[in-house]
Amino acid sequence: MLLRLAAILILLAAALPSGGDDGPHQIAVITAADHPQSQLPLAAIKLIFKRKVEIDPAGNRWIPLNLPVHDPIRRAFSLALFDQFPEDMEAYWNEQYFQGIPPPQVLGSEEAVIRFVATTPGAIGYIDRHSVDPRVKVLHTVLIQR
Amino acid sequence: MLIARRVWAILLGLAASSLACLAAADEIPTEGYRLGQGYPINSTGLRIGGYTSLHAEAPRNGPWRFELSDLSLFLTWQANDRLRFFSELEAGDAFTATEGGRSGGHEARFELERLYGDLLINGSATIRFGKFLTPVGRWNLLHADPLVWTSTRPVATENLFSKHATGLMLFGNLPLFERRLEYQVYADLTRSLDPHRSENPFDNAAGVHALYGLSERLQIGASYLSFELNADRRRRQHLVGLEAIWRHHRYELSTEWVYRTPQDQGPSLWQGFAQGVAPIAGDWYAVGRYELFEQRGDLGTGQAGVFGLAYRPLPPLVVKFEYRLGTHNQQTAPDGFYTSFAVLF
């Protein structure tokens, strides 16, 4: 089982855009540059992306964003957070939908995520660490071992 | 007949959309419709969807029956950052055909299955007001045919308490030992939102339900409920429930048990089930369930075993075939063959 997981992670890491170094790949969890929070633990991010927590400590609504299901960053992020690929989460989202809670909105590219996050209070997304620019703030960095 | 024609027209439309979605399952749109997740209407905050199911049954000691069991429509509205509404309107038994030759929509009934507003207080608490599913066990909360593995419902999930409550609920999750405890505390306060009355409604009820994830794969839960049923107002009952579910990849084990005892005189009753699901080939699954249920009167303690297959090519779409066999079960869970098709749309 562990060997299978390791193999999957290696394949995913190989599919991710190269950062030009041999270290672990990094996925940045981002929010707007002026968001009051400066960091967020992985456990809290997990709850936000499962829509179990919808309001931040300041009382604003979280708006989690996903990349498309076949995007390698989405797949690595899902595996790192939930130990499941996005398609394996579909049964969970069907159950949530039955209770009136839709899954996070999907945006088509990292640039779309950056733009949405930068202009929408409470929006939270994830992108390759190398794609981060001053429009957004990094709340957490998820390491994906190569 | 007019109702039947309309229902069939809707069904054909749904089947066509299901097939289209099957064909396009690999194309994930960034916006718009996805099977099993409803249709978001632009930026209005509205989302429409629902589910439907067709059932056929051939009890060992009775006539066969075919029915369009459920046609449920969901409407969700995210009014603002903190307020959202949800409704489920259900047309039950909209079309039936039986061995005796009767057919049509004679038994069709429309019911407001759920109608509530959620006010998000903070990250740990939300207030719900309206008509909601009674949080006893997992099955009652997720009972829709596309979400469960068998055409038949376990006896323990429907006879000892009302499936709905109308009132107030506080729910959310709290940190506990580095994990989260999901909780629901509720009170049945009014019937004003449920004028047509649910089946076997509460008259006065309050309860709590808690769910804790011991790991990513294993969740355990407990329920307590104190209530009077409208049909039996002078008898207060207390109900305790226990549940667990383990999921790993495509395997699943689950169990639910309830114990109901009257405050004064009368019999106490135990009911419960244990169910297992395992992939066998491709999108086919083997399903097995054992049920044990004490019953009122002279019916004795019933047992039932359900053995079946489920074909689930996509999570929101399932076809099920099963045979149920038991003892002292003819009143509540008769022996026979059951099959169904269900889709969440």
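An account of the accompanying structure is given in this report. Note that the structure is predicted; figures quoted are calculated from it, not measured. (Residues numbered from 1 in each chain as written. Chains lettered and ligands numbered in written order. Predicted model: local features only at pLDDT ≥ 70, side-chain atom pairs only at ≥ 80, totals over all residues. Heavy atoms only, no water.)

Examining the overall build of chain A
Part 1: Of the regular secondary structure elements, chain A holds five helices and five strands.
Part 2: From first element to last, N terminus to C terminus, chain A shows the α and β order α-β-α-β-α-α-β-α-β-β.
Part 3: For chain A, the residues scored as buried account for 54% of the 146 residues in total.
Part 4: For chain A, the proportion of contacts with a sequence separation of at least 24, taken over those separated by at least 6, is 73%.
Part 5: Accessible area for chain A stands at about 6,300 Å²; split by element, carbon and sulfur atoms hold 58% of it. (Helix = DSSP H or I, 4+ residues; strand = E, 2+ residues; numbered from the N terminus. Buried < 20%, exposed > 50% of the residue type's maximum accessible area, 1.4 Å probe, protein only. Contact = heavy atoms within 4.5 Å. Areas by Shrake-Rupley, 256 points an atom, 1.4 Å probe, with all protein chains shown as cover.)

A word on the nonpolar core
Part 1: Ranked by internal contacts, the top residues of the largest apolar core, which has 34 residues, are A:Ile27, A:Ile30, A:Phe49, A:Phe77, A:Val113 and A:Ile124.
Part 2: The element contributing the most residues to this core is helix H3 (residues 72–82) of chain A, with five residues.
Part 3: Once you skip the residues sitting within four places of it in the chain, A:Ile30 turns out to touch A:Val113, A:Ile114, A:Val117, A:Ala123, A:Ile124, A:Gly125, A:Tyr126, A:Ile127, A:Val132, A:Val136, A:Lys137 and A:Val138.
Part 4: Core analysis: the next-biggest nonpolar cluster, separate from the first, contains 29 residues, B:Leu133, B:Leu141, B:Ala165 and B:Ala205 among them. (Core = buried A, V, L, I, M, F, W, Y, C linked by side-chain atoms within 4.5 Å.)

Thoughts on the interface of chain B and chain A
Part 1: In this assembly, 46 residues from chain B lie in contact with 29 residues from chain A.
Part 2: For the pairing of chain B and chain A, the buried interface totals around 3,200 Å² over both sides, and the portion due to carbon and sulfur atoms is 53%.
Part 3: At the junction of chain B and chain A, the tally comes to seven salt bridges.
Part 4: The salt bridge partner of B:Arg84 is A:Glu54, with a shortest N-O separation of 2.9 Å.
Part 5: At the boundary of chain B and chain A, one finds 13 residue pairs in polar contact (both at pLDDT 80 or more).
Part 6: Mapped by element, the contributors of at least two residues to the side of chain B that touches chain A are strand S2 (46–59), strand S3 (65–78), strand S4 (83–98), strand S6 (109–122), strand S7 (125–133) and strand S9 (179–188) of chain B.
Part 7: The biggest single contributor to the side of chain B that touches chain A is S2(B), with five residues.
Part 8: Classifying every residue of the side of chain B that touches chain A gives 17 nonpolar, 13 polar and 16 charged. (Buried area = accessible area lost by both parts, 1.4 Å probe. Salt bridge = Lys/Arg side-chain N within 4 Å of Asp/Glu carboxyl O. Polar contact = N/O pair within 3.5 Å; in protein donor to acceptor, adjacent residues only side chain to side chain. Nonpolar A, V, L, I, M, F, W, Y, C, P; charged D, E, K, R; others polar.)

What about a nonpolar patch on the surface?
Part 1: Judged by side-chain polarity, B:Leu119, B:Ile121, B:Ile127, B:Phe129, B:Leu168, B:Leu170, B:Val185, B:Leu189, B:Val208, B:Tyr224 and B:Val240 come together as a nonpolar surface patch covering roughly 870 Å² of accessible area.
Part 2: Of all elements in the fold, only S6, S7 and strand S8 (164–176) of chain B reach the threshold of two or more residues within the nonpolar patch. (Patch = residues over 30% accessible without salt bridge, like charges linked within 9 Å, V, L, I, M, F, W, Y side chains within 5 Å.)

Some remarks on the pairing of S6(B)
Residue and element names in this part refer to chain B.
Part 1: Sheet analysis places S4 next to S6, joined by 10 bridges and oriented antiparallel. Looking at the pairing, Ala91 lines up with Phe110 of S6.
Part 2: In the sheet, S6 pairs with S7 via seven bridges, with the strands oriented antiparallel. From the neighbouring strand, Leu119 faces S7, where its bridge partner is Ile127.
Part 3: Count of turn residues in the S6/S7 antiparallel hairpin: two residues. (Pairing = 2+ DSSP bridges.)

Re the pairing of S3(B)
Residues and elements named next belong to chain B.
Part 1: Across the 14 residues that make up S3, a large majority, 10, are buried.
Part 2: Taken together, the 12 bridges between S2 and S3 define a ladder with antiparallel strand orientation. Each bridged residue has a counterpart across the sheet, and for Leu54 the counterpart in S3 is Leu68.
Part 3: From the end of S2 to the start of S3, which pair antiparallel, there are five residues.
Part 4: As paired strands, S3 and S4 are joined by 13 bridges and run antiparallel to one another. Pairing of Asp70 across the sheet is with Gly92, part of S4.
Part 5: The turn joining S3 and S4, which pair antiparallel and follow one another in sequence, is formed by four residues.

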